[in-house]
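Chain by chain, the residues:
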Amino acid sequence: MIHFTNINDLGNLQKAVQEALEIKKNPMQNKALGEGKTICMLFFNNSLRTRLSTQKAAQNLGMNVIVMNFGSEGWELEYEDGAVMNGSKSEHVKEAAKVIAQYCDIVAIRAFASLTDKEKDQAEIVISSFKKYAGIPVVNMESATGHPLQALADAITMEEFKTAHKPKVVLSWAPHPKALPHAVANSFVEMMQLQDADFVITHPEGYELDPDITKNSTIEHNQEKAFENADFVYVKNWSSFKDYGRVMNSDSAWTITAEKMQLTNNAKFMHCLPVRRNVIVTDEVIDSENSIVIQQANNRTYSAQIVLKKILESHG
Ligand code: CP
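Residues numbered from 1 in each chain as written. Predicted model: local features only at pLDDT ≥ 70, side-chain atom pairs only at ≥ 80, totals over all residues. Heavy atoms only, no water.

This next bit is on the overall build of the protein chain. Scanning the protein chain from N- to C-terminus turns up 13 helices and 11 strands. The C-alpha atoms of the protein chain give a radius of gyration of 20 Å, which matches the 20 Å a tight globule of 316 residues would have. Reported as C-alpha extents along the three principal axes, the dimensions of the protein chain are approximately 55 × 50 × 35 Å. Burial status across the protein chain gives 53% buried among its 316 residues. Nonlocal contacts in the protein chain, meaning residues at least 24 apart in sequence, comprise 79% of its contacts between residues at least 6 apart. (Helix = DSSP H or I, 4+ residues; strand = E, 2+ residues; numbered from the N terminus. Rg over C-alpha atoms; globule rule 2.2 N^0.38 Å. Buried < 20%, exposed > 50% of the residue type's maximum accessible area, 1.4 Å probe, protein only. Contact = heavy atoms within 4.5 Å.)

Before going further, it helps to examine the packing of aromatic side chains. With the rule as written, the count across this model stands at six aromatic pairs. Consider the rings of tryptophan 173 and tryptophan 254, whose centres lie 6.0 Å apart with planes at 80°: the pair is edge-to-face. Residue tryptophan 173 is found in strand β7 (residues 168-173), and its partner tryptophan 254 is found in the loop between β10 (232-236) and α11 (258-261); the two are separated by 81 residues along the sequence. The exposure class assigned to tryptophan 254 is buried, which follows from its relative accessible area of 9%. On the basis of an interplanar angle of 65° and a centroid distance of 6.0 Å, the ring pair of phenylalanine 188 and phenylalanine 199 is categorised as edge-to-face. Separated by 11 residues along the polypeptide, phenylalanine 188 in helix α8 (residues 183-192) and phenylalanine 199 in strand β8 (residues 198-202) bring together distant segments of the chain. Through a chain of ring-to-ring contacts, three or more aromatic side chains come together here, namely Trp173, Tyr207 and Trp254. (Phe/Tyr/Trp six-rings, centres within 6.5 Å; stacked < 30°, edge-to-face > 60°.)

Here we come to the site of the ligand. The immediate surroundings of the ligand are formed by Ser47, Leu48, Arg49, Thr50, Arg110, His147, Gln150, Cys272, Leu273 and Arg300. One nitrogen or oxygen atom from the side chain of arginine 49 is found 2.9 Å from an oxygen atom belonging to the ligand. One nitrogen or oxygen atom from the side chain of arginine 300 is found 3.2 Å from an oxygen atom belonging to the ligand. Alone, the ligand offers 250 Å² of accessible surface; in the complex the protein occludes 93% of this. Each residue belonging to the shell around the ligand can be placed in one class, and the counts come to three nonpolar, four polar and three charged. (Near = heavy atom within 4 Å. Polar contact = N/O pair within 3.5 Å; in protein donor to acceptor, adjacent residues only side chain to side chain. Areas by Shrake-Rupley, 256 points an atom, 1.4 Å probe, with all protein chains shown as cover. Nonpolar A, V, L, I, M, F, W, Y, C, P; charged D, E, K, R; others polar.)

Exposure remark for tryptophan 173: the relative accessible area of 0% places this residue in the buried category. Considering only alpha carbons, one finds tryptophan 173 and serine 239, 66 residues apart in sequence, at a separation of 9.6 Å.

As for its position among the elements, glutamine 305 is in helix α13 (residues 293-315). On the basis of relative accessible area, glutamine 305 is assigned to the buried category, the value being 0%. Within the structure, the side chain of glutamine 305 is placed 2.7 Å from the backbone oxygen of proline 27, a separation counted as a polar contact. Those residues in contact with glutamine 305, other than ones at most four positions away along the chain, are Ile23, Pro27, Ala57, Asn60 and Leu61.

These values are about where atoms sit, not about what they do.
In structure tokens:
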């Protein structure tokens, strides 16, 4: 594997999940693999789980780790070819990416969607520029359109908790006061398309995700109907894709409650975190035995570790 910017870069999701579960049994088993190698983790946006779990994964592999809060500490980057840089942007990504690549062997980047410029967000301007100019492997730690490390952790977690041979998995929209990106939902959908599962997406009308990502996935606008017999309920807010970045409603009728979970097949409750309690989900649900959000966050380490391991093995 050269880069990891999409869940499909893994090649075989099921195999990667099994390998991650093996790593989880003995996380230090490949401690020599990353010796003498360095990862630069660049954060254009805030993080708790991604930052700590990816750093831990790299250290488990024996790597050196450099972390930079690029959004607040780096020079503001220009991405346009031929730009006359007489505004606020101090450095072109062409130099920045090449310079950073001299200090490390892998660069991992978090750069969220602007939610104001759909074309640039869809073009993945930050990730694609680093891929183009850095000349070293690039890892997506949540970009404008995807969060594949989260989706891989979600796949690992579902593998651990599944009981039904072919589970029913529901991705449900839930309300949030702010406009949130589509990245987590997109990568979850892409990951579920690689699974042997009955997969249903439920959201209010107008919250359709990118049709190029949802493809033939089942969409049910009646949340309660979607929840019937579900084995996993994965909850996430996202803003409108069509009316890009708009919050069209924050209808509390879509909040995940114990009553709605009663409709399921004793489903596990999943969320990538951070989560707004009693807006997205009630305390009763997230504090219940069926909530596996903490286990999901734990699996972020093994998700990152299998990805870094595969990249290190490919690059020698
Ligand atoms: N789920 C997730 O990516 O968490 P952070 O934003 O805290 O990294």
